[in-house]
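The chain contents come next:
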Amino acid sequence: KMRPNIYKWGKLIEDPTTHPATYLHVQSVAASYNHSFGEKAPIYTKKSHLTGETAHRWNTLMMSAEDIVGNANMKRDQYRHSGTCQGATCAGWTGLNVLWEVTAQMDKDLGTSYHERVKQYFRHVEDNALALAGAITDAKGNRALKPSQQANKMSNLHVVETKSDGIVISGYKIQICGVAAAHEIIAVPGSGYGETEKEFCLAVAVPRDAQGLTIVETRRPSDERDEEEGWDAPKAGNITQAYLLFDKVFVPNARVLMNGECKYSGQIIGNFAALYRGAIGHC
């Protein structure tokens, strides 16, 4: 049902479920949905923190050490099944878990309403059983310079315009795993930023096929030795790796989960690493 917006070698991928560059990853994520209803259901599901009903594990909040172990056990089983990264049931979910805590702190300190937005979005994700890609890494440009000092401002995702009903964002997120099999993308700041970099301190949830978002699939088969001119990406397995090119993408307020609160941007990265590294170790 989604708008085709993923490109490979300059050509539009009309159907990620059948294209040679993406179909294996889509199938591997689909297997996780299937496992949620079979004998492996205890690995792939958890009781919802919002409703108390059974939900896909990657749609729930990690609230205890047991949940962290559950995440790791799911990753290990996924990898044993397909031998490849499960980006669409990993990084975006982690980002949403991180934002749960950070937005609660922002609301307490600043009187904002971000946490309620996260809560409502969590319910949307759970009710619709969505797979979420996580967009963390910016293109960065010259790493010796701050985002605001870059010759090409698009090197980092940033707010172009703030409206009464939402924000408009532009910039590049790169090396993003699992986008081809995801329904939505959770984008968070790629680093901790100070007061001069407020426009880069944004966290949003956007549909994978949002208007203004172009996705370039960069993964190469492992037997391919020649580098495509102008692109630097790993050659490995069935995982999908993508560059996300945001060009004036509108995000409604309900999906804006941070906008300029630079004091808390570093906290997002620290919390993300704490959850993510344990899971990746099991992969």
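Here's what I pulled together on the structure shown here. Values in this document were obtained by computation on a predicted structure and should not be read as measured data.

1. Section: the overall build of the protein chain
No. 1: In terms of regular secondary structure, the protein chain is built from six helices and twelve strands.
No. 2: Against the 2.2 N^0.38 benchmark of 19 Å for 283 residues, the protein chain shows a C-alpha radius of gyration of 18 Å, consistent with a compact globule.
No. 3: Within the span of the protein chain, comprising 283 residues, buried residues form 51% of the whole.
No. 4: The contacts in the protein chain between residues at least 6 apart in sequence include a share of 69% that link residues at least 24 apart.
No. 5: In the form shown here, the protein chain has an accessible surface area of approximately 12800 Å², with 50% of it arising from carbon and sulfur atoms.
No. 6: Of the charged side chains in the protein chain, 31 are positive and 31 negative, and the gap between their average positions amounts to 2 Å.

2. Observations concerning the packing of aromatic side chains
No. 1: Counted according to the given criterion, the structure contains four aromatic pairs.
No. 2: A centroid spacing of 5.0 Å and a plane angle of 80 degrees characterise the contact between Y33 and W58, whose relative ring orientation is edge-to-face. Of this pair, Y33 sits in helix 1 (residues 23-35) while W58 sits in the loop between strand 4 (54-56) and helix 3 (65-82), and the two are 25 residues apart along the sequence. Judged on exposure class, the residue Y33 and its partner W58 are both buried.
No. 3: When the ring of Y193 is compared with that of F200, the centres are 6.3 Å apart and the planes differ by 55 degrees; the resulting orientation is tilted.
No. 4: On the accessibility criterion, Y193 (12% relative accessible area) is buried.
No. 5: Relative accessible area serves as the criterion here: at 2%, F200 is assigned to the buried category.

Conventions we followed
- Residues numbered from 1 in each chain as written.
- Predicted model: local features only at pLDDT ≥ 70, side-chain atom pairs only at ≥ 80, totals over all residues.
- Heavy atoms only, no water.
- Helix = DSSP H or I, 4+ residues; strand = E, 2+ residues; numbered from the N terminus.
- Rg over C-alpha atoms; globule rule 2.2 N^0.38 Å.
- Buried < 20%, exposed > 50% of the residue type's maximum accessible area, 1.4 Å probe, protein only.
- Contact = heavy atoms within 4.5 Å.
- Areas by Shrake-Rupley, 256 points an atom, 1.4 Å probe, with all protein chains shown as cover.
- Lys, Arg positive; Asp, Glu negative; His and termini not counted.
- Charge placed at Lys NZ, Arg CZ, Asp CG, Glu CD.
- Phe/Tyr/Trp six-rings, centres within 6.5 Å; stacked < 30°, edge-to-face > 60°.

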